[in-house]
Structure formats: structure tokens, C-alpha cells
Amino acid sequence: MKIAAITAYGGPEVLTIGDVPTPVPGPGEALVAVVASTINPVDVKTRMPGTPQQVGSLPAVLGWDIAGIVITAPSGSGWAPGDRVIAMHPPTPDGAGSWQQYAAIPAARLAPAPESVDLLTAATLPLAGLTADQALARLDVREHERLLVTGAGGGVGGMAVQLAAARGIKTAGLVSRPEHEPAVLALGAASAHSNPVTAGEFNAIFDTAGIFEHPHLLREGGRLITVSDDTIPEGVNQRAAGADHNYVQHDPRRLRELAGLVDAGKLVLRVAESYPLSRIEHAHRRAEAGGMLGKVALSL
Ligand SMILES: NC(=O)c1ccc[n+]([C@@H]2O[C@H](COP(=O)([O-])OP(=O)(O)OC[C@H]3O[C@@H](n4cnc5c(N)ncnc54)[C@H](OP(=O)(O)O)[C@@H]3O)[C@@H](O)[C@H]2O)c1
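Note that the structure is a prediction, hence the values are computed from the model and not measured.

(A) The packing of helix α3 (residues 126-139) against helix α7 (residues 252-263), seen in detail. The N-to-C vectors of α3 and α7 enclose an angle of 100°; their axes lie 10 Å apart at closest approach. Regarding the angle of α3 to α7, the classification is roughly perpendicular. Across the interface between the two elements, Pro126, Gly129, Leu130 and Asp133 from α3 touch Arg254, Leu255 and Leu258 from α7. Class assignment of the residues belonging to the contact of α3 with α7 gives a composition of four nonpolar, one polar and two charged.

Here you go:
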């Protein structure tokens, strides 16, 4: 089977297409034919020299999102050959991530793919959807409160805007450029801003963009959750009743519910651009350039 692996830490040129044997599923694992994956910021960060997120050994297959078809599944797992599935599948210590044509995945980590979209689109859901959902759960925003999502045009931010708006939370989106404001309003934001100085003051902030130079955005006694890598400055900590990082966790049961929201028309998945696996280097360059509304998807 074909894989896209990094052979060293470095620029996009370290990404190489290789051939390896199809994995043999272990106990409790399903074999999934991977139809699609994505490129997330974590993949770019993991590839970089000096990354704090080093993989166990090189060459290593990266990628966190899988959408595909079950080939074999353990009996009693609830899955059968032919099932359309999605999973969050980060790189394992032995260097097996999502950018490979077949993956052996614990069957308990699979969720049904949304039925209303193709698998390329479905692949954009697991990491970004779970990240947004879990951060919002920690913020626990009440209906009378105002929420700001930073990086609202991006993969995680765009999910967060939709999930919060669907719960009736008055949500503002902060984007990197004015031309992204209409798209964030279309996702259900009550307001969209590209200038943090004039955006206002909020009870709660879900920060996906690492924006801490504007502490006035957070009301005194407000709450902030960030998924950026940046250290939360003392000024923000002092202002906030609570400010913390959040790290995504596996939750296939909730992933199933998010897929249901997609099928119910309550969560829109956005593919900004798609590339075949053979063009992984180009796909990385595109993802790194930014400025997109949605994810870079990969077809395998
Ligand atoms: N902790 C965790 O568990 C976890 C999980 C998933 C993701 N993450 C992290 O969360 C971050 C976002 O991920 P993602 O998948 O959503 O990435 P993404 O799709 O690239 O979105 C990031 C968005 O932030 C925007 N942005 C950048 N600077 C901004 C600014 N100053 N003001 C407003 N918006 C700004 C970007 O706009 P432009 O493209 O126009 O610059 C982009 O729309 C990444 O750092 C990722 O590594 C963490």
C-alpha cells in the first residue's frame, strides 16, 4: 500500500511517498481502507525541525483524520465490511498515522461517517470537530453570555462557531482578514470581526489562533480556553476567572453524535482544497500558506 511519510524533520520536501505492506490488524482492531484524510496544523508542526511533538521513529506516517471503509472488523464490534467510518487516528509511536491506504484501528475508536457527505468531506470532522466540541464543553457558556471564537474562519474555529450558535449562544467570530467575515456569519455567528481592537468584550473566549495581545477582549472574571501552543500571559490569567489550554481526547461516542449533526444539516463540513496523496508535498505547502476557509483534504 502507498503511504506518505516524513523521512526527516524539515520542510515539505521531507514528505515522501512509499510502499509498505498492508497492516495486519491486532486483537480488537478493524482494518480500514482509508479513502480520505486531511492536513491539520499539528501535522505541519510535527514535521518541523525541533518539534516538541516528535514521533517515535522515522520514517513516520503523519495525519490525524481518517474517513474510509471497513475491510475487516472483530466479531461483536458492531462493525462489518463495507461500513463507512471516520476516526481520529493520530500517529502511533511506531510511525503509523492516517496518510496510508489501509489502517489497523481499534474498532472501538470508529464512528459512522455522516451519510450526507462524501468521505473526502467527512475526513474534515474528527480532529477539528472533537477539539471544538470539547473546548466548548469546558467553557460551558450560558445562553445570556457572549462568546468569542478566535480563528473563526479555520477548521476548529469554524466548527466551534456552528456548535455554539446551534446551542443558542451569541457567538462572535474573530478572523484574520475582512474577506472572511461573511463566511463566519454564514456559519451562524452573531457578529464577525477582523479587528480585535474594536471587537468588544466577551464573557468567554475560545482561542484557536493564539491571540493574547488583546486582553481587553476578555471581560474581567471571564473564562478562556485556548488550543494554541502559546503560553497564556500573566495579564490574561489575572483578568480571567479561569484560563487554560485544552487538548483533544478520543471520544468516538461524541464523534458519532457530531456526524449526526452533519446529517441533520446542523454542522457544515468545509473542504477548502483537496489533493491526491501523491501531491502531499504540495498539499502541505498549501496548508502552511493559510488564508483558507476550511481544510485541506487528501484523497488516498
Ligand atoms: N490542543 C489541541 O488538542 C488541538 C487540537 C486541534 C488543533 N489545535 C491547534 O489549534 C489551532 C487551530 O487549528 P485549525 O485546524 O483550526 O487551524 P486552521 O484551519 O489553520 O485555522 C486557524 C485560523 O486562525 C486564523 N488566524 C490566524 N491568525 C489570526 C489572527 N491574528 N486573528 C484571527 N484569526 C487568525 C487563520 O487565518 P489565516 O489562515 O488567514 O491566517 C485560520 O483561519 C492550531 O494551532 C492547531 O495546532 C490544537
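(B) Molecular detail of the packing of α3 against helix α4 (residues 155-166). As a packed pair, α3 and α4 sit with axes 8 Å apart at the nearest point and diverge in direction by 55°. With respect to each other, α3 and α4 are oriented oblique. Relative to α4, the crossing made by α3 is right-handed. Contacts from Ala128, Gly129, Thr131, Ala132, Asp133, Ala135 and Leu136 in α3 reach Gly155, Val156, Met159, Ala160, Leu163 and Ala164 in α4. For the contact of α3 with α4, a count of residues per class yields nine nonpolar, three polar and one charged.

(C) A look at the nonpolar core. Within the largest apolar cluster, 95 residues are counted, with the highest numbers of intra-cluster contacts made by Val32, Ile86 and Ala160. Residues lining this core come from more than one domain, with at least three contributed by each of domain 1 (2-125 + 269-299) and domain 2 (128-245).

(D) Looking closely at the sheet that holds strand β12 (residues 202-207). The six strands are arranged β11-β10-β9-β12-β13-β14 in an open sheet whose pairing can be described as parallel. Taken across any chain shown, the strands that pair with only one partner, and hence form the sheet edges, are β11 (191-193) and β14 (242-245). Neighbour-to-neighbour, the strand axes of the sheet open up by a mean angle of 20°, direction not taken into account.

(E) Summary view of the domain arrangement of the protein. Domain assignment breaks the protein into domain 1 (2-125 + 269-299) and domain 2 (128-245). Taking only C-alpha atoms into account, the centre of domain 1 sits 28 Å from that of domain 2. Contacts between the two partners involve eight residues from domain 1, matched on the other side by eight residues from domain 2.

(F) How the structure looks around the sheet that holds strand β2 (residues 15-19). Within the open sheet, the three strands sit side by side as β2-β1-β4. Their pairing is antiparallel. The open sheet has two edge strands with one neighbour each: β2 and β4 (60-61). With five bridges joining them, strand β1 (residues 2-6) and β2 adopt antiparallel strand pairing. Looking at the pairing, Ala4 lines up with Ile17 of β2.

(G) Spatial organisation of the environment of Ala189. Position of Ala189 relative to the elements: it lies in the loop between α5 (181-186) and β11. Ala189 sits 19 residues away from Thr208 along the chain, and the two C-alpha atoms are 16 Å apart. When near neighbours in sequence (up to four residues on either side) are disregarded, Ala189 contacts Ala152, Val161, Ala165, Thr171, Ala172, Gly173 and Val184.

(H) Summary view of α4. When the terminal C-alpha atoms of α4 are compared, their 17 Å separation across 12 residues agrees well with the 16 Å that a helix rising 1.5 Å per residue should span. The complete set of buried residues in α4 reads Gly155, Val156, Gly157, Gly158, Met159, Ala160, Val161, Gln162, Leu163 and Ala164. Tucked inside the fold, the buried residues of α4 contact α3, β9 (146-150), β10 (170-174), α5, β12 and β16 (295-299). Directly beyond the C-terminal end of α4, a positive phi value near 85° is found at Gly168.

(I) Representation of the site of the ligand. In the vicinity of the ligand, 27 residues are found, and the nearest of them are Gly151, Gly154, Gly155, Val156 and Gly290. Classifying every residue of the shell around the ligand by side-chain character gives 12 nonpolar, 14 polar and one charged. Lining the shell around the ligand are residues from two domains, each supplying at least three of them: domain 1 (2-125 + 269-299) and domain 2 (128-245).

(J) Summary view of the environment of Pro81. By the element assignment, Pro81 lies in the loop between β5 (65-72) and β6 (84-88). Taking C-alpha positions, Pro81 is 34 Å from Ala166, a pair spaced 85 residues apart along the chain. Excluding its chain neighbours within four sequence positions, the residues that come into contact with Pro81 are Val70, Ile71 and Thr72.

(K) Local environment of the environment of Gly168. By the secondary structure assignment, Gly168 is in the loop between α4 and β10. Here Gly168 falls in the exposed class, since 10 other C-beta atoms lie within 10 Å of it. Once the C-alpha coordinates of Gly168 and His144 are considered, the two residues, 24 residues apart in sequence, prove to be 9.2 Å apart.

(L) Spotlight on unusual backbone geometry. Cis geometry marks the peptide bond from Leu58 to Pro59, where omega comes out at -5°. Tracing the sequence through the fold places Pro59 in the loop between α1 (41-47) and β4. One non-glycine residue, Asp140, lies in the positive phi region at around 50°. Looking at the element boundaries, Asp140 is found in the loop between α3 and β9. For Asp140, a count of 10 C-beta atoms within 10 Å translates into the label exposed.

Conventions adopted
- Residues numbered from 1 in each chain as written.
- Predicted model: local features only at pLDDT ≥ 70, side-chain atom pairs only at ≥ 80, totals over all residues.
- Axes fitted to C-alpha atoms, helices over the stretch in contact; angles between N-to-C directions.
- Helix = DSSP H or I, 4+ residues; strand = E, 2+ residues; numbered from the N terminus.
- Parallel < 35°, antiparallel > 145°, perpendicular 65-115°, else oblique.
- Contact = placed C-beta atoms within 7 Å.
- Nonpolar A, V, L, I, M, F, W, Y, C, P; charged D, E, K, R; others polar.
- Left-handed = near helix turned anticlockwise from the far one by under 90°.
- Core = buried A, V, L, I, M, F, W, Y, C linked by C-beta atoms within 7 Å.
- Buried ≥ 20, exposed ≤ 12 C-beta atoms within 10 Å, placed from the backbone.
- Domains from an automatic or database assignment.
- Pairing = 2+ DSSP bridges.
- Expected span 1.5 Å × (residues − 1).
- Near = placed C-beta within 6 Å.

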